[in-house]
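# Examining the three-dimensional arrangement
So the chains spell out like this:
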Amino acid sequence: MKSNYDILVIGGGPAGALAAKTAAEAGNSVCLVEKRPAIGTPVRCAEGIGKELLKEFIKPDPCWISADIESARIIAPNGTAIKLDQARAGNEVGYVLDRKVFDRELVWQAAEAGADVIVKTRATAPIMENGAVKGAKILSCGNPAEIRAEVVIAADGTEAQFARWAGLDTTVPLREMMSCAQYVMTDIDINAGSTDFYLGNEIAPEGYLWVFPKGDRTANVGIGITGRKSRDGARAKDYLDKFVAKNFPNGKTIELIAGGVPVCRPLPCTVADGLLVAGDAARVVDPITGGGIGNALYTGRLAARVASKCIEAGNCSKEAMMPYDTEWRASKMGATIERNYKVKEYFITLDDKKLNTLADSIASISFSEFSVAALIKELIKRNPKMLLELKALRDTLA
Ligand SMILES: Cc1cc2nc3c(=O)[nH]c(=O)nc-3n(C[C@H](O)[C@H](O)[C@H](O)COP(=O)(O)OP(=O)(O)OC[C@H]3O[C@@H](n4cnc5c(N)ncnc54)[C@H](O)[C@@H]3O)c2cc1C
């Protein structure tokens, strides 16, 4: 194992893998460390991603696509379904990936580009010199060592600790940490061409329940509820079990996962001297959908591009690397996160009666454009009694 690199990447998820590949392609010496013994497992994801978004980063390959989706349905507490076809649903429909293979492919590509990959190797602390990050202390298969680098890219996911160790504030308020549980189920009656999102305080308080097909009779069936709603007897898994008993009583569960998704605003700052933070570690998940694969890929690639330029210029200070933070905040991704955060904050205040009213009012509409703005315009038009609160929401988005 070498002990000196231009760039050290912590974490072999989508953010870390694309960061390592991009950095290696730019001619840097790169090392990626992953604490788990195998890349991609266990999967902690419902595996859905929009087609166009994915194509910005990698050419789709049937090897790691489980299902090609044609439509999505949002199902209100009273059963009213709002159907969105592919043209209108944007990033809500697309592919359901096989992340075990997908994550492996991304890391494989990083290795092919020249990055060293070391699994079963956990970063345990940053190496700090004069307030700047200069690498990481690691535990590799139980053996302590140090890897020094000009820049560290922290892509260590939801439970990320590296940025906090280096002095950044990474707190996620409990109410904004979605508590998730998911079964991979087989032998169930589903529409294999549609992703389904179930809303309602009885079904998934302050969150939603999803059914994402992975084949004709197989799907990821999962749920996310906010941390503050999770308690004994009413944990995410308890809500999921209730739904499954009612809807798929004869289905078989072949996998169970639990995990957290941060739906807070992104970190106040994602850069420090010698350090860039990407993906879930930077909290760049979509606050409404909890989708983070695309944003992890985007920030991972951008972090590597900025780091490469700074290394070439011989200046990896916070100030020199700030264009990373500024650029993603100003991007479409940054603007969407900010807008969807506000929309999420409004929607979690709605009781089931209001959710039903809103869903009923737009269920029959064929949207020429399915965007959050178009949706709110229609909701305002069709719900005069809720005009005041909807108008307040529209004003926050203006
Ligand atoms: C239940 C659930 C369902 C989801 N569904 C979807 C979905 O349908 N679509 C979607 O887009 N997103 C979904 N997400 C979110 C998505 O999985 C994440 O946004 C995405 O994986 C983030 O990628 P990442 O590279 O930032 O982090 P991760 O994929 O979490 O990768 C981080 C990696 O860092 C490693 N690591 C952590 N600490 C260390 C350390 N100290 N040293 C070395 N390695 C370390 C971890 O082992 C991990 O492999 C879901 C998440 C959950 C929990």
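Just so you know, these numbers come straight off a predicted model, no measurement behind them. (Residues numbered from 1 in each chain as written. Predicted model: local features only at pLDDT ≥ 70, side-chain atom pairs only at ≥ 80, totals over all residues. Heavy atoms only, no water.)

### Here we look at the UniProt feature "binding site: FAD" (unreviewed entry) in the chain
Residues annotated by UniProt as "binding site: FAD" (unreviewed entry) correspond here to Ala 15, Glu 34, Cys 45, Ala 46, Gly 48, Arg 99, Ala 123, Asp 280, Gly 292 and Ile 293. With the annotated positions falling across 279 residues, the maximum pairwise C-alpha distance of 28.9 Å shows that they are not confined to a single cluster. Using a relative accessible area of 16% as the deciding quantity, one classes Cys 45 as buried. Non-local contacts of Cys 45, meaning those with residues more than four positions away in its chain, are made with Arg 99, Gln 182, Asn 220, Ile 257 and Ile 293. (UniProt positions renumbered as here; feature names shortened; annotations may be inferred. Buried < 20%, exposed > 50% of the residue type's maximum accessible area, 1.4 Å probe, protein only. Contact = heavy atoms within 4.5 Å.)

### Details of unusual backbone geometry
Of note, the amide linkage connecting Thr 41 to Pro 42 takes the cis form, showing an omega dihedral of -10 degrees. Tracing the sequence through the fold places Pro 42 in the loop between β2 (30-33) and β3 (48-50). Despite not being glycine, Lys 120 shows a phi value in the positive range, around 50 degrees. Of note, Lys 120 is situated in the loop between β8 (116-118) and β9 (121-129). Taking the relative accessible area as the measure of exposure, Lys 120 reaches 44% and is therefore partly exposed. Positive phi values are uncommon outside glycine, yet Cys 141 reaches one of about 50 degrees. Within the secondary structure, Cys 141 is located in the loop between β10 (132-140) and β11 (143-154). (Helix = DSSP H or I, 4+ residues; strand = E, 2+ residues; numbered from the N terminus.)

### A word on the sheet that holds strand β4 (residues 65-68)
What holds strands together in a sheet is hydrogen bonding between their backbones, with the strands either parallel or antiparallel. The strand order β3-β7-β4 describes an open sheet built from three strands, whose pairing is antiparallel. Two strands in the sheet have a free side with no partner beyond their single neighbour: β3 and β4. Averaged over all pairs of adjacent strands, the angle between their axes in this sheet comes to 30 degrees, without regard to strand direction. By the bridge criterion, three bridges tie β4 to strand β7 (residues 94-97) in an arrangement that is antiparallel. Residue Ala 67 lies in a different strand from β7, and its bridge partner there is Val 96. (Pairing = 2+ DSSP bridges. Axes fitted to C-alpha atoms, helices over the stretch in contact; angles between N-to-C directions.)

### A look at the UniProt feature "domain: Digeranylgeranylglycerophospholipid reductase catalytic" (unreviewed entry) in the chain
In this structure's numbering, the residues bearing the UniProt feature "domain: Digeranylgeranylglycerophospholipid reductase catalytic" (unreviewed entry) are residues 177-261. Taken end to end, residues 177-261 is 14% helix and 47% strand, and its two terminal C-alpha atoms sit 6 Å from one another.

### Quick word on the pattern of salt bridges
For the structure on display, the rule yields 23 salt bridges. Notably, a salt bridge pairs Glu 159 with Lys 35, separated by 3.7 Å at the nearest N-O pair. With Glu 159 in the loop between β11 and α5 (162-165) and Lys 35 in the loop between β2 and β3, this residue pair connects regions lying 124 residues apart in the sequence. Take Glu 159: its relative accessible area is 42%, and that puts it in the partly exposed class. Note that Glu 47 is salt-bridged to Lys 214, the shortest N-O span being 2.5 Å. One end of the pair, Glu 47, is in the loop between β2 and β3; the other, Lys 214, is in the loop between β14 (208-213) and β15 (218-226), and 167 residues separate them in sequence. By the burial criterion, Glu 47 is buried, and Lys 214 matches it. Here the salt bridges do not stand alone but share partners, grouping Arg 175, Glu 176, Lys 344 and Glu 345 into one network. (Salt bridge = Lys/Arg side-chain N within 4 Å of Asp/Glu carboxyl O.)

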